[in-house]
Amino acid sequence: MDERVSRVLIVGAGPVGAVCALALQQQGIAARVLEAQPEDARADTRTLALSHGSRLILDRLGVWAQLDDVTPITRIHISQRGALGVARLAAEDADVPALGYVMPYATLTAALKRALADADIAVEYGAAVEHIESGTEAATLQLADGRSVAAPLVVVADGGRGEAAPKPRFERDYDQVAVVCEVQTELPHANQAFERFTPEGPAALLPKGDRYALVWTARREDAERIAQLADSEFLAALYRHFGGRQGRFLHASPRKTFPLKLAWTGSEAAGRVVRIGNAAQMLHPVAGQGFNIGLRDAWELASLCGDAAPEALGSAAMLAAYARGRRVDVLGGVGFTDFLVRVFSNDIAPLRHARGLGLLALEVFPPLKAFVARRMIFGARG
Ligand SMILES: Cc1cc2nc3c(=O)[nH]c(=O)nc-3n(C[C@H](O)[C@H](O)[C@H](O)COP(=O)(O)OP(=O)(O)OC[C@H]3O[C@@H](n4cnc5c(N)ncnc54)[C@H](O)[C@@H]3O)c2cc1C
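As a starting point, this report considers the structure included with it. Not measured: the values here are computed from a predicted model.

A closer look at the nonpolar core
Step number 1: Grouped together as the largest cluster of nonpolar side chains are 48 residues, with contacts concentrated most on Ile 10 and Leu 58.
Step number 2: A total of 8 residues in this core trace back to one element, the largest contributor, which is helix α1 (residues 15–26).
Step number 3: Filtering out sequence-adjacent residues up to four positions away, Leu 58 remains in contact with Val 19, Leu 50, Val 63, Trp 64, Leu 67, Leu 108, Leu 112 and Leu 295.
Step number 4: Among the nonpolar cores identified, the runner-up in size contains 25 residues, and Ile 73, Ala 94, Val 102 and Val 334 belong to it.

Examining the pairing of strand β18 (residues 256–264)
Step number 1: With 9 bridges joining them, strand β13 (residues 170–185) and β18 adopt antiparallel strand pairing. Across the sheet, Val 177 pairs through a bridge with Pro 259, a residue of β18.
Step number 2: Strand direction decides the pairing type here: β18 and strand β20 (residues 281–282), joined by 2 bridges, are antiparallel. When the sheet's bridge partners are listed, Ala 263 is paired in β20 with Met 282.

Considerations on the pattern of salt bridges
Step number 1: All told, the structure shown has 17 salt bridges when counted by the stated rule.
Step number 2: Measuring nitrogen to oxygen at the nearest pair gives 3.0 Å for the salt bridge that ties Arg 147 to Asp 145.
Step number 3: Among the salt bridges present, the one from Asp 338 reaches Arg 172, with a minimum N-O distance of 2.9 Å. Here Asp 338, found in helix α7 (residues 316–344), pairs with Arg 172, found in strand β13; they are 166 residues apart in sequence, far enough to count as distant.
Step number 4: Residue class for Asp 338 comes out buried when judged on its relative accessible area of 8%.
Step number 5: One continuous salt-bridge network, built from bridges that share partners, spans Arg 32, Glu 124, Asp 145 and Arg 147.

As for the site of the ligand
Step number 1: In the vicinity of the ligand lie 28 residues, with Glu 35, Arg 46, Tyr 105, Arg 161 and Asn 278 positioned nearest.
Step number 2: In the model, an oxygen atom of the ligand is placed 2.6 Å from a nitrogen or oxygen of the Glu 35 side chain.
Step number 3: Interatomic distance of 2.6 Å between a side-chain N/O atom of Arg 46 and an oxygen atom of the ligand.
Step number 4: Compared with its free state, where it exposes 990 Å², the ligand has 87% of that area covered by protein.

A short note on the sheet that holds strand β10 (residues 139–143)
Neighbouring strands of a sheet are bound in pairs by backbone hydrogen bonds; such pairs are parallel or else antiparallel.
Step number 1: Spatial ordering of the open sheet is given by β9-β10-β11, a layout of 3 strands whose pairing is antiparallel. The sheet terminates laterally at β9 (129–133) and β11 (148–151), the two strands that pair on one side only. Each adjacent strand pair in this sheet contributes to an overall mean axis angle of 20 degrees, direction not counted.
Step number 2: Where β9 and β10 come together, 4 bridges link them in antiparallel fashion. Considered in β10, the bridge of His 131 is made with Gln 142.

What to know about the sheet that holds strand β1 (residues 8–11)
Step number 1: Spatially, β8-β2-β1-β12-β19 is the arrangement adopted by the 5 strands of the open sheet, whose pairing is parallel. Unpaired on one side and paired on the other, β8 (122–125) and β19 (273–275) mark the two borders of the sheet. Ignoring which end each strand starts from, the neighbouring axes of this sheet average 20 degrees apart.
Step number 2: Pairing of β1 with strand β12 (residues 153–156), which is carried by 4 bridges, proceeds in the parallel orientation. Along β12, the bridge assignment pairs Val 11 with Val 156.
Step number 3: Relative to the sheet, α1 contacts β1, β2 (31–35) and β12, its axis offset from that of β1 by approximately 160 degrees.

Here's the deal with unusual backbone geometry
Step number 1: Despite not being glycine, Asp 69 shows a phi value in the positive range, around 65 degrees.
Step number 2: Among the secondary structure elements, Asp 69 is positioned in the loop between α2 (52–60) and β4 (71–73).
Step number 3: A positive phi angle, close to 60 degrees, is found at Asp 95, a residue other than glycine.
Step number 4: Checked against the element boundaries, Asp 95 lands in the loop between β6 (86–90) and β7 (100–104).

Criteria and cut-off values
Residues numbered from 1 in each chain as written. Predicted model: local features only at pLDDT ≥ 70, side-chain atom pairs only at ≥ 80, totals over all residues. Heavy atoms only, no water. Core = buried A, V, L, I, M, F, W, Y, C linked by side-chain atoms within 4.5 Å. Buried < 20%, exposed > 50% of the residue type's maximum accessible area, 1.4 Å probe, protein only. Helix = DSSP H or I, 4+ residues; strand = E, 2+ residues; numbered from the N terminus. Contact = heavy atoms within 4.5 Å. Pairing = 2+ DSSP bridges. Salt bridge = Lys/Arg side-chain N within 4 Å of Asp/Glu carboxyl O. Near = heavy atom within 4 Å. Polar contact = N/O pair within 3.5 Å; in protein donor to acceptor, adjacent residues only side chain to side chain. Areas by Shrake-Rupley, 256 points an atom, 1.4 Å probe, with all protein chains shown as cover. Axes fitted to C-alpha atoms, helices over the stretch in contact; angles between N-to-C directions.

In structure tokens, the structure reads:
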């Protein structure tokens, strides 16, 4: 068995693990990344919505300029089906060039992969971590191929999918499944996103290239049926569900589904292990918060490591400081997302009216607009 010691080991070369490795290097700390997938694995087809705050992080790492295939969101139209109340947010409300950016997951991971290679950061592909053993001086990773590696700090950024994932401290099953695909509408998107709340769950249209990325949240028992509708029936059903603000729906790509839930595991782990990104919190995509919180996890952790004395790297005091520092942002994002899903996914009359009033207030009260826009862009501490 090979028992090498590096300063920081990162489990997972997804966007959060890769950003953490790059940010650590900017702080002068070399990390080694272990990724379960082989180097030539086919990239995931999911779509990411990045906030302006995430753009700033990628800018500082020199990655933003390398991204092509990015569509800015300059306006967001928010409404609820079958009730009054519409709110519109614009980039000017928050004094930013765009409220967010839409891109394929594959675009971001490919750019990050190039950045890791350019920065000479060691990434081992096809290295699946099977077990993590905490310790007082170092944590040890057991790999599927029988090797083990240890470091004073292990950062788990495995998207919560690793074998070694602990049970979440808080979980909520929304009984909702997202049906995702790309759709073309009669009217061009003009960089406007739509968020439409319905009793079955929210539906979002995000401008992506010359099309929209659709996230249609449906009840679990309906989702597969919706996803498997023939194209013409799917487009007609989508029109009935979403309304005609963008004219007719003309084309849809093949549909995929994924279950939606809230799982908060938290970062705190004794014994020189810290969890970040989806490994620490998995959120409903309604407010596009999950990924952006994950990038802030990676950035803040790297900053803290850079400030720590070398011998304090991965110490209990450092990890506790990290958990304390992230609490407001993470729990704020978890609470905000959970609130939106639960308050908007029903047809209870008093709540419907209250929601309408809330949207009206958001529409007519500029300071509230600025607050919500900044909250979505920069998180609870924005
Ligand atoms: C279908 C879908 C759509 C989404 N849409 C949005 C959206 O529009 N906006 C948004 O903000 N968020 C969205 N999300 C959430 C977003 O994808 C996640 O927040 C983001 O991918 C988290 O990044 P991550 O690096 O933490 O995890 P991941 O992207 O999951 O990356 C984890 C990495 O760890 C590797 N890994 C896993 N296990 C091991 C192991 N045992 N050993 C070594 N490596 C391992 C994986 O191969 C992977 O490369 C979506 C999620 C899904 C599933």
